[in-house]
Amino acid sequence: DLLIGSLEGIYRVPQGREWTPPGPVAIKGILVVEGSVAGTQPIQIEQTYSAWSILHLGLLSTPQDAFDSDGDGASDFAEFAFGGNPARADSRPPPANAEVAGQNAAISFAKQKDPSPVDYVVERSRDLVEWTPLPDAPVVSINPMDHETEIITVRDTEPIDGVPVFLRVRAVMK
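Residues numbered from 1 in each chain as written. Predicted model: local features only at pLDDT ≥ 70, side-chain atom pairs only at ≥ 80, totals over all residues. Heavy atoms only, no water.

Colleague: Which parts of the structure should I look at to understand the overall build of the protein?
Modeller: Across its full length, the protein holds 2 helices and 10 strands. The helix and strand sequence of the protein, counted from the amino end, reads β-β-β-α-α-β-β-β-β-β-β-β. The buried share of the protein, reckoned over its 174 residues, is 37%. Relative to all contacts within the protein whose residues are 6 or more apart in sequence, the contacts with residues 24 or more apart total 56%. Carbon together with sulfur atoms contributes 54% to the accessible area of the protein, which is approximately 10,000 Å² in total. (Helix = DSSP H or I, 4+ residues; strand = E, 2+ residues; numbered from the N terminus. Buried < 20%, exposed > 50% of the residue type's maximum accessible area, 1.4 Å probe, protein only. Contact = heavy atoms within 4.5 Å. Areas by Shrake-Rupley, 256 points an atom, 1.4 Å probe, with all protein chains shown as cover.)

Encoded structure:
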């Protein structure tokens, strides 16, 4: 099936059937979770926060909202960016995991599969006060979680050299 959501509504198109909208439908805000069109290869369209919030919460919210709909301690935007469900308190995004690989620190975290309206910024600190973005840190692995999210591991290119190193990831809308 093809699931299409827009600000006008959410529509499910059974496989092998044509879809005609019930009137004018704005393309802005369209969401295709998974599916294919007329026997072609599966398609992916960038998932907007607005369409995601309608699908998961039944209401329109903005990524600037720090609201936590299910009271699990993760904001609705964090659940959007890192793979949780804002309507279920038992579905928090998985925590980031830090590790040392040789002389380098690495961090693994869940993120939306591309295309995504979210930028993920990995940052390093030696004192937990000053944080420096790692724009050129290599992605060393990508593991799919489900149709929306994947776990990626990013390695710091600067060696630890016996000094504490802390890594974190921030999600920001593009």
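Moving on from the coordinates now.
Colleague: Help me understand the sheet that holds strand β8 (residues 139-144), please; the structure alone is not making it clear to me.
Modeller: What links the strands of a sheet is backbone hydrogen bonding, and the strands pair in either a parallel or an antiparallel sense. Reading across from one edge, β4-β5-β9-β8 is the order of the 4 strands in this open sheet, with antiparallel pairing throughout. Sheet topology places β4 (97-101) and β8 at the edges, where each strand pairs with a single neighbour. Averaged over all adjacent pairs, the angle separating strand axes in this sheet is 25°, with direction ignored. Of the strand pairs in this sheet, strand β5 (residues 104-112) and strand β9 (residues 149-155) are connected by 7 bridges, and their pairing is antiparallel. Residue A106 lies in a different strand from β9, and its bridge partner there is R155. (Pairing = 2+ DSSP bridges. Axes fitted to C-alpha atoms, helices over the stretch in contact; angles between N-to-C directions.)

Colleague: Mind showing me how you'd approach empty space enclosed by the protein here?
Modeller: Over the atoms rolls a probe the size of a water molecule, and in doing so it shows where empty space is left. Counted by the stated rule, this structure contains 2 cavities of 30 Å³ or more. In this structure, the second largest cavity occupies an estimated 40 Å³ of space. What lines the second largest cavity is simply Q47, W52, E79, F80, G83, G84, Q112, E148 and T149. Here the lining of the second largest cavity is composed, by residue class, of 2 nonpolar, 5 polar and 2 charged. (1 Å grid on protein atoms, 1.4 Å probe; cavity = no way out; pocket = protein on both sides within 12 Å on 5 of 7 lines; lining within 4 Å. Points joined across faces, edges and corners; volume = space filled by probe spheres on them. Nonpolar A, V, L, I, M, F, W, Y, C, P; charged D, E, K, R; others polar.)

Colleague: How should I be thinking about the sheet that holds strand β7 (residues 132-133) in this particular structure?
Modeller: The 3 strands lie next to each other as β7-β6-β10, forming an open sheet whose pairing is antiparallel. Edge positions in the sheet fall to β7 and β10 (166-173), since each of these pairs with one other strand and no more. Examined bridge by bridge, strand β6 (residues 118-125) and β7 share 2 bridges and lie antiparallel to one another. Bridged to E123 within β7 is P133.

Colleague: Hey, could you run me through the environment of F80 in this one?
Modeller: For F80, the location among the structural elements is in helix α2 (residues 76-82). On the accessibility criterion, F80 (2% relative accessible area) is buried. Linking F80 and T48, residues 32 residues apart in sequence, is a C-alpha distance of 9.7 Å. Leave out the neighbours within four places in its chain, and F80 touches Q47, T48, Y49, W52, Q112, P117, V118 and M173.

Colleague: Explain the pairing of β8 here, please?
Modeller: In the case of a regular strand, side chains alternate between the two sheet surfaces. Strand direction decides the pairing type here: β8 and β9, joined by 5 bridges, are antiparallel. Note that in β9 the partner of P144 across the bridge is E150. Linking β8 back to β9 in an antiparallel pair, the connection comprises 4 residues.

Colleague: Help me understand the pattern of salt bridges in this model?
Modeller: Pairing is possible between side chains of opposite charge, provided their charged atoms come close. A full pass over the atoms with the stated rule returns 8 salt bridges. A salt bridge links R88 to D90, with the nearest nitrogen and oxygen atoms 3.0 Å apart. It is possible to trace a salt-bridge network through shared partners that takes in R124, R126, D156 and E158. (Salt bridge = Lys/Arg side-chain N within 4 Å of Asp/Glu carboxyl O.)

Colleague: Honestly, the nonpolar core in this entry has me stumped. Any pointers?
Modeller: One broad rule of soluble globular proteins: the nonpolar side chains tend to lie buried together. Ranked by size, the top nonpolar core spans 23 residues in total, and within it F82, F109 and Y120 carry the most contacts. With 5 residues, α2 is the single largest residue contributor to this core. (Core = buried A, V, L, I, M, F, W, Y, C linked by side-chain atoms within 4.5 Å.)

By themselves, these are just geometric observations and shouldn't be taken as functional.
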